[in-house]
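Residues per chain are reported as follows:
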Amino acid sequence: MNLHTPAQQIPRPPCAAPDAADPFAATGEPLRWGVVATGRIASNVTEDLAGLEDSVLQAVSSRSQDSARAFAEKFGFSTSYYDDDGVTGYQRLFNDPEVDVVYIATPHAQHHEVARAALESGKHVLCEKAFTVNAREAAELIDLARANNLFLMEALWSRFLPSVNRAWEIIHSGELGEIQWVQADLGFPSDHGSTHRLWDPAAGGGALLDLTVYPLTWALGALGFPAAVTAAGALNDDNIDTQNALTLSYEGGAHAQLTSSLVSSGPGQATVSGSAGWLRTGSVLHNPRELTIHPHQGEQRVETFEQAGRGYVYELRETTRCIQQGLTESPTMPWADTLNTMRLLDGVRNQLGLRYANDA
Ligand SMILES: NC(=O)c1ccc[n+]([C@@H]2O[C@H](COP(=O)([O-])OP(=O)(O)OC[C@H]3O[C@@H](n4cnc5c(N)ncnc54)[C@H](OP(=O)(O)O)[C@@H]3O)[C@@H](O)[C@H]2O)c1
């Protein structure tokens, strides 16, 4: 697959450094948050959200009354919404004028529909990865945010972590010379039942949409978007990919090899190799606490990192700071990167014969 995107020509700039030593510290006026869905990641992210000095836990919404109320009680939300009287709990939250910004934590296949409703209701949006199922959906959301002057960001939390920022800083400092290749893997044998979102085609199941964005983050951080991608993958009887392997090719000869799997585990590390040395992340690569840097000339060293909260606070700080400053997109996770990522994943899916109902 050849990717003819403008981004392939642009060397990847270093990620912006996290704002403050303490990411929980306020950067402006409080924002009133609404959390959409009450599953596993909603709970983990809300733990960090509750600690932000300038966040107000305004409302949570769920399809179910019991879940909405239990979640509100656990974290101290003022209001809980659930499906009632023919109106979804999610839409009832979007109708609440006391909510400024929503965090969307439904399965991928619902991201587009739910985020669109939020934007059409005038809410700023932080939406989980994979941002959407395809690039068409992503482009539509971006157009909507732009037209309504609202903040919109993919919740790709790794990009905001101090360890990842430091790795990108080293890579772009020239210490490793010219980057020649990247290898990265992420996987686990998923014992979730066949009805779990990871295995459910209707939820956008499969390794590609759930996992590949993380190994890909390392290729993009080191080399930018590629000129071409070649993909291999295994599809199960429900036609979702149980694992995949991507080779990204760059003008000048560099390449990246990325593996994601729902049926086996690996070291879960990224290695970035340049003409003057290499860097390897600790495991797991989407939240490394350690970087090993091995220059060809000189001593190998290990840099270690503390994590604030559960690690989601950094993306929450960025969302908060951007909205407080009137920005509609984050310079660290810009719309172009989200859109180009979805285009790349669409291209991979074409090669694998992997289609979802959202593509119709
Ligand atoms: N950033 C990260 O570290 C990270 C980690 C894990 C997952 N994620 C992403 O977050 C999203 C949610 O993942 P999760 O692990 O939290 O999933 P989950 O535990 O299954 O929760 C998803 C929630 O979405 C709501 N939902 C709405 N429509 C649904 C449908 N048709 N089927 C199932 N649930 C539906 C449900 O909440 P209600 O019943 O309350 O409405 C459900 O509890 C995914 O896009 C995933 O990729 C991100």
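Residues numbered from 1 in each chain as written. Predicted model: local features only at pLDDT ≥ 70, side-chain atom pairs only at ≥ 80, totals over all residues. Heavy atoms only, no water.

By the naming in an unreviewed UniProt entry, the protein is Gfo/Idh/MocA family protein, taken from Arthrobacter flavus. On record in UniProt, under Sequence similarities (unreviewed entry), the comment for the protein is "Belongs to the Gfo/Idh/MocA family." (UniProt positions renumbered as here; feature names shortened; annotations may be inferred.)

**Some remarks on the UniProt feature "domain: GFO/IDH/MocA-like oxidoreductase" (unreviewed entry) in the protein**
Within this structure's numbering, the places UniProt gives as "domain: GFO/IDH/MocA-like oxidoreductase" (unreviewed entry) are residues 166-280. The distance from the first to the last C-alpha atom of residues 166-280 is 12 Å, and the span holds 21% helix and 37% strand. (Helix = DSSP H or I, 4+ residues; strand = E, 2+ residues; numbered from the N terminus.)

**Section: the side chain of Gln58**
Position of Gln58 among the secondary structure elements: in strand 2 (residues 55-62). By relative accessible area, Gln58 is classed as buried at 10%. Setting aside chain neighbours within four positions, we find Gln58 in contact with Arg32, Trp33, Phe77, Ser78, Thr79, Glu98 and Val99. (Buried < 20%, exposed > 50% of the residue type's maximum accessible area, 1.4 Å probe, protein only. Contact = heavy atoms within 4.5 Å.)

**Thoughts on the site of the ligand**
If you check the shell around the ligand, you find 21 residues, and the closest are Thr38, Ile41, Ser62, Tyr90 and Lys129. Contacts to the ligand include Ser62, whose side-chain N or O atom sits 2.5 Å from an oxygen atom. Within the contact set of the ligand, a nitrogen atom lies 3.5 Å away from a side-chain nitrogen or oxygen of Tyr214. Protein burial of the ligand: of its 900 Å² of free accessible surface, 82% is covered by the chains. Sorting elements by how many residues they give to the shell around the ligand places helix 4 (residues 108-120) first, with three residues. Its residues placed into classes, the shell around the ligand shows eight nonpolar, seven polar and six charged. The residue makeup of the shell around the ligand includes at least three contributed by each of domain 1 (22-158 + 313-330) and domain 2 (162-306 + 342-359). (Near = heavy atom within 4 Å. Polar contact = N/O pair within 3.5 Å; in protein donor to acceptor, adjacent residues only side chain to side chain. Areas by Shrake-Rupley, 256 points an atom, 1.4 Å probe, with all protein chains shown as cover. Nonpolar A, V, L, I, M, F, W, Y, C, P; charged D, E, K, R; others polar. Domains from an automatic or database assignment.)

**Some remarks on the state of the cysteines**
Scanning all chains against the criterion turns up zero disulfides. Counting only cysteine sulfurs, Cys322 is the nearest neighbor of Cys127, a cysteine outside any disulfide, at a range of 16 Å. Cys127 sits in the buried class, given a relative accessible area of 0%. (Disulfide = S-S within 2.5 Å.)

**A short note on the pattern of salt bridges**
Applying the stated criterion across every chain yields a total of 16 salt bridges. Asp337 is the partner of Arg159 in a salt bridge, and the nearest nitrogen-oxygen pair spans 2.7 Å. In this pair, Arg159 is assigned in the loop between strand 6 (152-155) and helix 6 (162-173) and Asp337 in helix 10 (residues 335-352), connecting sequence segments 178 residues apart. The same class applies to Arg159 as to Asp337, namely buried. Across the salt bridge formed by Asp359 and Arg349, the nearest N and O atoms sit 2.7 Å from each other. Within this pair, whereas Asp359 is found in the segment after helix 10, its partner Arg349 is found in helix 10, the two being separated by ten residues in sequence. (Salt bridge = Lys/Arg side-chain N within 4 Å of Asp/Glu carboxyl O.)

**A short note on the nonpolar core**
One finds Phe94, Val102, Val125, Leu152, Trp218 and Leu248 to be the most contacted residues of the largest nonpolar core, which totals 113 residues. No other element matches helix 8 (residues 213-223), which puts eight residues into this core. Formed jointly, this core draws a minimum of three residues from each of two domains, domain 1 (22-158 + 313-330) and domain 2 (162-306 + 342-359). Aside from chain neighbours lying at most four places away, what touches Phe94 is Val36, Val102, Val114, Ala117, Ala118, Ser121 and Lys123. (Core = buried A, V, L, I, M, F, W, Y, C linked by side-chain atoms within 4.5 Å.)

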